[in-house]
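# What the coordinates show
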Amino acid sequence: MYTQSFSVSDGNANDTAKDSAKASAKNTVKGPKPVPVISAEEAEKIAAFEQRIADDGRIEPQDWMPEAYRKTLIRQISQHAHSEIVGMLPEGNWITRAPSLKRKAILIAKVQDEGGHGLYLYSAAETLGVSRDKMLDDLHTGRAKYSSIFNYPTLTWADVGVIGWLVDGAAIMNQIPLCRCSYGPYARAMIRVCKEESFHQRQGYESLLVMMRSTEEQRAMVQDAVNRWWWRCLAMFGPPDADSPNSALGMRYGIKRFSNDDLRQKFVDATVPQAEVLGVTLPDPNLKWNEARDHYDYGAIDWDEFWRTLNGDGPCNKERLATRVKADRDGQWVRDAALAYAQKRAAREAKEAA
């Protein structure tokens, strides 16, 4: 749903890009790290792997892969999956308060889709040798990151439409290139995810069009929601390229196809004409077309707010995690019952086959 460009590391909430830069500089002063010695056989495997990436081939679970590639994928895919299931919460909050039965049915379907996306992605990550229990435990204990955009409240019904239009629109911009990701299970999962996200964006935009053609109060509600979500959506693409070493690694491995800044620019260029049709003003006085660059220029993003929210100090961080932990705890009996049934059925089948 709302995947930001996952170029930030999991770990302690106090870790920031600045901390990483300081640590890197500190290590540099001490001198270069010793180059690990690899065997001729491993060097041959690495060369074959890199050639497949260069040839735009796919890596499958049974194929040999460098440990750094596997860890990078686990981090990105698990963060993506976490974002899908946490992302159900801001909009799920409005299911019982939707303004009509039609809007309620659409929202229920959308939230259900996001849960399904999380399941696809957890399954893809499991092919890399990490268990779902481990991934969920990392999420619930705060060791794993998820998209910072979910740590903001949905104050009005217009927020639901703006999330569909802007947040899902930013997600699509990020996710379409992932359909050509070098890791096969991830790429295949993203094909279906992107098709469903396209529906989510269209329904969000259509909902806002209806509101903008209604009362002055509803038009003001939409503009207020756009004002609050615009800058958050631009930050969804991740830190600037200069501050994003993980992004460079992802591109080297063929996991990412475009840099954070390139994707952010594509999103701005695509969204400005949509805003004009909708009749809303994007809250950026520096937003203007640059003939020389053939792109829109836009203002500075508040990265301090981004890092604060990502590292646990956003408006809804504690609430989101508490809700996920409670849901996991409350659903334990269902998992226990399903496991007991599967074991009982397997024992019965084994007995009948004997």
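Right above here is the structure, for reference.
None of the values given here were measured: they were computed from a predicted structure.

What follows concerns the overall build of the chain. The helix and strand inventory of the chain stands at 14 helices and two strands. When the 354 residues of the chain are sorted by exposure, 47% land in the buried category. Summing over all exposed atoms, the chain offers an accessible surface of approximately 17900 Å²; the carbon and sulfur share of this is 56%.

Its place among the elements puts Asp262 in helix α11 (residues 260-278). Separated by 21 residues in sequence, Asp262 and Asp241 have C-alpha atoms that sit 9.0 Å apart.

With that settled, the discussion passes to the packing of helix α6 (residues 132-140) against helix α13 (residues 317-330). Their axes nearest at 9 Å, the elements α6 and α13 cross at an angle of 140°. Considering their axes alone, α6 and α13 lie oblique with respect to each other. For the pair α6 and α13, contact is made by Leu136, Leu139 and His140 and by Leu321, Arg324, Val325 and Asp328, respectively. Taken together, the residues of the contact of α6 with α13 sort by class into four nonpolar, one polar and two charged.

For Asp56, which is not glycine, the phi torsion reads 65° and is therefore positive. Looking at the secondary structure, you find Asp56 in the loop between α2 (40-54) and α3 (67-86). Owing to a relative accessible area of 40%, Asp56 belongs among the partly exposed residues under this scheme. One non-glycine residue, Asp294, lies in positive phi territory at about 60°. Positionally, Asp294 belongs in the loop between β1 (288-290) and β2 (295-297).

Taken as a whole and judged by the stated rule, the model has 12 aromatic pairs. Between Trp94 and Trp157, the aromatic rings sit 6.2 Å apart at their centres with planes inclined by 65°, giving edge-to-face as the arrangement. Linking Trp94 in the loop between α4 (88-92) and α5 (101-126) with Trp157 in helix α7 (residues 157-175), this pair joins segments that are 63 residues apart in sequence. Trp157 sits in the buried class, given a relative accessible area of 12%. Ring geometry for Trp289 versus Tyr296: centroids 4.9 Å apart, planes at 75°, classification edge-to-face. Given a relative accessible area of 36%, Trp289 falls into the partly exposed group. Assessed through its relative accessible area of 16%, Tyr296 is described here as buried. Here Arg97 stacks its cationic end above the ring of Trp94, 3.8 Å away from the centre of that ring. Across from the ring centre of Trp229, 4.8 Å away, lies the NZ or CZ of Arg232, which sits over that ring.

Following the criterion strictly, the structure yields 24 salt bridges and no others. For Glu196, the salt bridge is made with Arg192, and the minimal N-O distance between the two is 3.1 Å. Here Glu196 pairs with Arg192, and both are found in helix α8 (residues 184-212), just four residues apart, close to one helical turn. For Asp224, the salt bridge is made with Arg228, and the minimal N-O distance between the two is 3.1 Å. Residue Asp224 and its partner Arg228 are both found in helix α9 (residues 216-235); the two are separated by four residues, about one turn of the helix. A relative accessible area of 17% places Arg228 in the buried class. Through salt bridges with shared partners, a single network forms among Lys134, Asp137, Asp138 and Arg143.

What counts and what doesn't
- Residues numbered from 1 in each chain as written.
- Predicted model: local features only at pLDDT ≥ 70, side-chain atom pairs only at ≥ 80, totals over all residues.
- Heavy atoms only, no water.
- Helix = DSSP H or I, 4+ residues; strand = E, 2+ residues; numbered from the N terminus.
- Buried < 20%, exposed > 50% of the residue type's maximum accessible area, 1.4 Å probe, protein only.
- Areas by Shrake-Rupley, 256 points an atom, 1.4 Å probe, with all protein chains shown as cover.
- Axes fitted to C-alpha atoms, helices over the stretch in contact; angles between N-to-C directions.
- Parallel < 35°, antiparallel > 145°, perpendicular 65-115°, else oblique.
- Contact = heavy atoms within 4.5 Å.
- Nonpolar A, V, L, I, M, F, W, Y, C, P; charged D, E, K, R; others polar.
- Phe/Tyr/Trp six-rings, centres within 6.5 Å; stacked < 30°, edge-to-face > 60°.
- Lys NZ or Arg CZ within 6 Å of the ring centre and 35° of its normal.
- Salt bridge = Lys/Arg side-chain N within 4 Å of Asp/Glu carboxyl O.

These figures come from the coordinates and say nothing about function on their own.
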